[in-house]
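Listed below are the residues making up each chain.
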Amino acid sequence: MESINVELGQRSYPIYIGENLLEQATLLNKHIKNSKCAVITNPTVKELYWSSLEKVFDEPPLLITLEDGEQHKNLDTLNIIFTQLLENFFDRKSTLIALGGGVIGDMTGFAAACYQRGIDFIQIPTTLLSQVDSSVGGKTAVNHPLGKNMVGAFHQPIAVISDTSSLKTLPSRELSAGLAEVIKYGFINDIDFLHWLEKNMPDLLSLDNKAMTYAIKKSCEIKADIVARDETEQSVRALLNLGHTFGHAIETFTEYKTYLHGECVGIGMVMAAEFSHRLNLISKSDCELSKKIIASANLPTQPPADMSKDIFIELMMRDKKTLNNNIRLVLLEKLGGAFVSSDYDPDILANYLDQVHQR
Ligand code: NAD
Ligand code: GLY
């Protein structure tokens, strides 16, 4: 088992990464206070992993099973959690455990942030995306009809337990979507990791455990370092949004129905690399290499053909990073180095988006 620490003073916590961790009772139990505990999951994950996790508890925990899917990540579902916690007399020493992907993790974390003004929670992420990104860093939220993740809080978990064995049941599209976030860490922070990914992508796609554990650990190390420096996204944490401004525009345009989030991040990272090349920040060959690595994870690299420049710009204006009508983008200054900027000629962006639309 690998273990790394997210250094946040009194709110520091470990991330454990390895095979069959779900079945290791001491790993979970040492983080649970002597009070009530609830496991929050969905029917898909419950069917696959509840029987393994159930065995590690001395006393059976409350099991809360929510509907599966992003469309249920809302305040109504959160209320279901609160009602069950109140009906079962959960108190301030109680612990919530998220067993599932990012949707379950974000909702459990937000429920823990709010219930009695904040209780402990543990992340047991079961998708690659949640193991390398959403379970780490304490961003918790639900969606509002007017916007994704618009109601939330920063609330750090007390531990993250990433069982790499759970990835064996993950649909291949979900695996690739998680790989998009893994690739993101290479682009923003670590050229050597990017080259490692270029070489080892086939092993990751075939779930080679050594390669996968390394990729998850490396991703978590990079994220943990950024979160430790900027927990509430006042500066450097914004780099974790590489590809997301283009990607969110695609998700909104396609009404969250056509692509997974990570697929949109993949397309968005290709666009960020191409636009960085347009601005003469990176070379053509680096831009081509970026596209090649993303494609090698079986991710799409082209936005929908019917997304015009005007649609892109209108939707990108609504991005949380946009300030005073300036679309702020995470751009590449090199492979392995990124920065946030709105200091570019908007005509070059418009021209680039027009060209993308026409090809
Ligand atoms: P998800 O939670 O919807 O999981 C994807 C699908 O896989 C679901 O149907 C789920 O039931 C299923 N699943 C989960 N584990 C499985 C397994 N081991 N085997 C088979 N099926 C399994 O999606 P996700 O990609 O994990 O997370 C996406 C969410 O994460 C979004 O809501 C996004 O906003 C959020 N997110 C949050 C952060 C953050 O920092 N908090 C970062 C990135 C994404
Ligand atoms: N997923 C982006 C962040 O945690 O900041």
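Residues numbered from 1 in each chain as written. Chains lettered and ligands numbered in written order. Predicted model: local features only at pLDDT ≥ 70, side-chain atom pairs only at ≥ 80, totals over all residues. Heavy atoms only, no water.

Caption draft 1: Region of the structure containing the site of ligand 1. Neighbouring ligand 1 are 26 residues; E70, K73, T126, T127 and T169 lie closest to it. At 2.6 Å, a side-chain N or O of E70 approaches an oxygen atom of ligand 1. Within the backbone of G102, one N or O atom sits 2.8 Å away from an oxygen atom of ligand 1. For ligand 1, the accessible surface in isolation is 870 Å², of which the surrounding protein chains cover 89%. Among the elements that make up the shell around ligand 1, the one with the highest residue count is helix α2 (residues 43-54) (four residues). Among the residues forming the shell around ligand 1, the class breakdown is seven nonpolar, ten polar and nine charged. (Near = heavy atom within 4 Å. Polar contact = N/O pair within 3.5 Å; in protein donor to acceptor, adjacent residues only side chain to side chain. Areas by Shrake-Rupley, 256 points an atom, 1.4 Å probe, with all protein chains shown as cover. Helix = DSSP H or I, 4+ residues; strand = E, 2+ residues; numbered from the N terminus. Nonpolar A, V, L, I, M, F, W, Y, C, P; charged D, E, K, R; others polar.)

Caption draft 2: Representation of the pairing of strand β11 (residues 337-341). One ladder, built from five bridges, connects strand β10 (residues 329-334) with β11; its direction is antiparallel. Residue pairing across strands places L332 opposite A338, the latter belonging to β11. Here β10 folds back onto β11 in antiparallel fashion, the turn holding two residues, of which G336 has a positive phi close to 95°. (Pairing = 2+ DSSP bridges.)

Caption draft 3: Inspection of empty space enclosed by the protein at higher detail. Per the stated rule, a full pass over the model turns up one cavity of 30 Å³ or more. The computed volume of the largest cavity comes to approximately 40 Å³. Of all the elements in the fold, those that place two or more residues in the lining of the largest cavity are α9 (244-253) and β10. In terms of residue count, α9 provides more of the lining of the largest cavity than any other element does, three residues in total. Taken together, the residues that form the lining of the largest cavity break down as five nonpolar, four polar and no charged. (1 Å grid on protein atoms, 1.4 Å probe; cavity = no way out; pocket = protein on both sides within 12 Å on 5 of 7 lines; lining within 4 Å. Points joined across faces, edges and corners; volume = space filled by probe spheres on them.)

Caption draft 4: Main features of the layout of surface pockets. One number sums up the size of the second largest pocket: a volume of about 300 Å³. Lining the second largest pocket are 15 residues; nearest its centre among them are S35, K36, C37, F57 and E59. The class makeup of the residues in the lining of the second largest pocket is seven nonpolar, four polar and four charged.

Caption draft 5: Representation of the sheet that holds strand β6 (residues 120-125) within the structure. One open sheet holds the seven strands; their spatial order is β1-β2-β9-β6-β5-β3-β4, and the pairing between them is mixed. The open sheet has two edge strands, β1 (2-6) and β4 (62-65), and neither has a second partner. The mean inter-strand angle of the sheet, taken between neighbouring strand axes irrespective of direction, is 15°. For β1 and strand β2 (residues 13-18), the ladder comprises five bridges, and the chain directions are antiparallel. Considered in β2, the bridge of N5 is made with P14. Of the strands in this sheet, β1 and β2 are in contact with helix α8 (residues 209-229), which crosses β1 at around 10°. (Axes fitted to C-alpha atoms, helices over the stretch in contact; angles between N-to-C directions. Contact = heavy atoms within 4.5 Å.)

Caption draft 6: Local environment of the environment of A153. With respect to the helices and strands, the residue A153 is situated in strand β8 (residues 147-154). Assessed through its relative accessible area of 26%, A153 is described here as partly exposed. Taking C-alpha positions, A153 is 9.7 Å from D106, a pair spaced 47 residues apart along the chain. Not counting chain neighbours up to four residues away, the residues in contact with A153 comprise F110, A113, G138, K139 and T140. (Buried < 20%, exposed > 50% of the residue type's maximum accessible area, 1.4 Å probe, protein only.)

Caption draft 7: Local environment of the site of ligand 2. Neighbouring ligand 2 are D133, K139, K223, E233, R237 and L240. The separation between a nitrogen atom of ligand 2 and a polar side-chain atom of D133 is 3.0 Å. Residue R237 places a side-chain N or O atom 2.7 Å away from an oxygen atom belonging to ligand 2. Coverage of ligand 2 by the protein amounts to 88% of the 200 Å² it exposes when considered alone. Taken together, the residues that form the shell around ligand 2 break down as one nonpolar, no polar and five charged.

Caption draft 8: The environment of G186, seen in detail. Residue placement: G186 occurs in helix α6 (residues 172-189). Looking at G186, the relative accessible area reads 0%, which means it is buried. Separated by 94 residues in sequence, G186 and N280 have C-alpha atoms that sit 20 Å apart. Setting aside its immediate chain neighbours within four residues, G186 contacts I191, F193, L194 and G336.

Caption draft 9: Expanded view of the state of the cysteines. Here the structure, examined in full by the defined rule, presents zero disulfides. No disulfide involves C37; its sulfur sits 19 Å from that of C114, the nearest cysteine. With a relative accessible area of 33%, C114 lands in the partly exposed category. (Disulfide = S-S within 2.5 Å.)

Caption draft 10: Structural detail: helix α11 (residues 284-296). Look at α11: 18 Å from first C-alpha to last across 13 residues, which is about the 18 Å you get at 1.5 Å a residue. Within the sequence span of α11, burial applies to C287, L289, S290, I293 and I294. Seen from one end, α11 has its buried residues packed into an arc of 160°, which puts them on one side. What points out from α11, more than 90 degrees from its buried face, is the exposed set K284, S285 and K292. Packed against the buried residues of α11 are α6, α7 (191-205) and α10 (261-278). (Expected span 1.5 Å × (residues − 1). Arc of directions from axis to C-beta.)

Function-wise, these values are silent; they only describe arrangement.
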